[in-house]
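Analysis of the macromolecular model
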Amino acid sequence: MTKFALAIHGGCGVMAKLDLTEQEWQEARRDLGRALEAGYAILAAGGKAIDAVQAAVVVMEDSPHFNAGHGAALNENGIHELDASIMDGRSLRAGAVAGVRHVKNPIELARLVMDKSPHVFLIGSGAEEFALAQGLTLVPNEYFRTPERERQLERAKQSERAGGAKTSATGTVGAVALDRDGNLAAATSTGGMTNKRHGRVGDSPIIGAGTYARNGVCAVSATGHGEAFIRAVAAYHVCLSVEQRGLTLEQAVREVLHERIGALGARGGIIAIDARGNAVLEFTAEGMFRGCRDSRGRNEVALFRDP
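Residues numbered from 1 in each chain as written. Predicted model: local features only at pLDDT ≥ 70, side-chain atom pairs only at ≥ 80, totals over all residues. Heavy atoms only, no water.

**As for the pairing of strand 11 (residues 287-294)**
With seven of eight residues buried, strand 11 is to be regarded as a mostly interior element. Relative to strand 11, strand 1 (residues 5-12) is paired through six bridges, and the arrangement is antiparallel. Paired with His 9 across the two strands is Arg 290, which belongs to strand 11. Examined bridge by bridge, strand 11 and strand 12 (residues 299-304) share five bridges and lie antiparallel to one another. Within strand 12, the residue paired with Gly 291 across the bridge is Val 301. Remark: four residues form the turn of the hairpin made by strand 11 and strand 12, two consecutive strands paired antiparallel; Gly 297 in that turn has positive phi of roughly 110 degrees. (Buried < 20%, exposed > 50% of the residue type's maximum accessible area, 1.4 Å probe, protein only. Helix = DSSP H or I, 4+ residues; strand = E, 2+ residues; numbered from the N terminus. Pairing = 2+ DSSP bridges.)

**A short note on the sheet that holds strand 9 (residues 268-274)**
Here four strands make up an open sheet; going across it, the order is 7-8-9-10 and the pairing antiparallel. The strands lining the two open edges of the sheet, one partner per strand, are strand 7 (211-214) and strand 10 (279-283). Neighbour-to-neighbour, the strand axes of the sheet open up by a mean angle of 10 degrees, direction not taken into account. Note: strand 9 against strand 10, five bridges, orientation antiparallel. Paired with Ile 273 across the strands is Ala 279, a residue of strand 10. (Axes fitted to C-alpha atoms, helices over the stretch in contact; angles between N-to-C directions.)

**Topic: the sheet that holds strand 2 (residues 82-88)**
If you walk across this open sheet you meet the eight strands as 4-3-2-6-5-1-11-12, and the pairing is mixed. A single partner strand is all that each edge strand has here, and the edge strands are strand 4 (121-123) and strand 12. With strand direction ignored, the average angle separating the axes of adjacent strands in the sheet is 5 degrees. Of the strands in this sheet, strand 2, strand 3 (93-100), strand 4 and strand 6 (184-190) are in contact with helix 3 (residues 106-116), which crosses strand 3 at around 135 degrees. (Contact = heavy atoms within 4.5 Å.)

**Regarding the pattern of salt bridges**
Enumeration over the complete set of coordinates arrives at 19 salt bridges. Here Glu 150 ties to Arg 145 by a salt bridge, and the two come within 3.7 Å at their closest N and O atoms. Owing to a relative accessible area of 38%, Glu 150 belongs among the partly exposed residues under this scheme. In this structure Arg 145 comes out as partly exposed when scored by relative accessible area, which is 26%. Among the ionic pairs, Arg 267 bridges to Glu 286, the shortest N-O distance being 3.2 Å. Of this pair, Arg 267 sits in the loop between helix 8 (249-263) and strand 9 while Glu 286 is found in the loop between strand 10 and strand 11, placing the two residues 19 residues apart along the sequence. Taking relative accessible area as the criterion, Glu 286 reaches 31% and is therefore assigned partly exposed. A single network of salt bridges, built from pairs that share partners, joins Asp 51, Arg 93, Arg 111 and Asp 115. (Salt bridge = Lys/Arg side-chain N within 4 Å of Asp/Glu carboxyl O.)

**Some points on empty space enclosed by the protein**
Remark: the empty space left among the atoms is shown by a probe the size of a water molecule rolled over them. Evaluation of the coordinates by the stated rule reveals one cavity of 30 Å³ or more. Approximately 90 Å³ is the volume attributed to the largest cavity. Lining the largest cavity we find 14 residues, and of these Thr 172, Thr 190, Gly 192, Arg 200 and Gly 224 sit closest to its centre. A breakdown of the residues in the lining of the largest cavity according to their chemical character gives one nonpolar, 10 polar and three charged. (1 Å grid on protein atoms, 1.4 Å probe; cavity = no way out; pocket = protein on both sides within 12 Å on 5 of 7 lines; lining within 4 Å. Points joined across faces, edges and corners; volume = space filled by probe spheres on them. Nonpolar A, V, L, I, M, F, W, Y, C, P; charged D, E, K, R; others polar.)

**Points about unusual backbone geometry**
We note that Asn 195 has phi near 70 degrees; this positive angle belongs to a residue other than glycine. Residue position: Asn 195 is located in the loop between strand 6 and strand 7. A residue is classified by how much of its surface remains accessible, and Asn 195, at 0% relative accessible area, is buried. In this structure, Val 233 takes a positive phi of about 45 degrees despite not being glycine. Relative to the assigned elements, Val 233 resides in the loop between helix 6 (226-231) and helix 7 (234-244). Under the relative-accessibility criterion, Val 233 is labelled partly exposed at 38%.

**Examining the packing of helix 2 (residues 49-62) against helix 3**
Viewed as axis vectors pointing N to C, helix 2 and helix 3 meet at an angle of 150 degrees, and their least axial separation amounts to 8 Å. One finds that helix 2 runs roughly antiparallel with respect to helix 3. Here Ile 50, Asp 51, Gln 54, Val 57, Val 58 and Glu 61 of helix 2 lie close against helix 3, whose contacting residues are Pro 106, Ile 107, Glu 108, Arg 111 and Met 114. Taken together, the residues of the contact of helix 2 with helix 3 break down into six nonpolar, one polar and four charged. (Parallel < 35°, antiparallel > 145°, perpendicular 65-115°, else oblique.)

**Brief notes about the side chain of Asp 88**
Within the secondary structure, Asp 88 is located in strand 2. No salt bridge is formed by the buried Asp 88; the nearest opposite charge belongs to Arg 90, separated by 4.1 Å. At 2.9 Å, the side chain of Asp 88 forms a polar contact with the backbone nitrogen of Arg 90. With sequence-adjacent residues up to four places away left out, Asp 88 is seen in contact with Ile 50, Arg 93, Met 114, Leu 184 and Ala 213. (Lys, Arg positive; Asp, Glu negative; His and termini not counted. Polar contact = N/O pair within 3.5 Å; in protein donor to acceptor, adjacent residues only side chain to side chain.)

Right, dumping it as structure tokens:
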């Protein structure tokens, strides 16, 4: 049987099990399962990896339990600014958007940038003008707001006033896939850091930092402290280590997270799939929303590490 596989993440950095009520965890787990099913159904029907990762991310963007789309973090001005990217490992084509405020599903706009424009990266009002031209659904900025994100912003501002860190509560969603034809793809979407400076962009929409895919090698999506992942060119470095240094996917992911990202004083998570359908879901924070399903029978959703 031809191998195919999908892995997803809904962000990492949960500080403790007490940060989530049992109901919140069950609802997040349900939505992770829905995202996994949406993407996997496409692969099982013989569909493309690029369509599978987009479908999975859309489900998580629509859920209030993840920091992307509805439920995205608020910046210092109480505004949502959203970023996303997608990459096709077969052609190395990619699309990305940053700082969008009214696009219901930023990953869909990133896909249109890849498919319907000669560009890779559009930002702010220019990206939203392109969204209008492509007929995408635009929503009021308040659509993305949830009571929990408002509480997180207030806590971050209280910490800042007390001389603590300005930003907190990072998070991202992402998906990587291998289809029956051996094509790899990756997609990532985020609301960024809570209380971030207006105009700040992290690694999620940056090809090579938060997202990368190359057929015959691997597909990668990252989550965590974006500045560190940018400086480490993290997603590309995973693929480069597999392709040119002969590391296994697990070795490459662990090296980037534990050595390169760790050396920069940051933590995070990476999901990746190689050309043989092997999936790695690794993180250095306390927890990472994640899931994986493949044609060999693997089917799991988790948050914390196994006991």
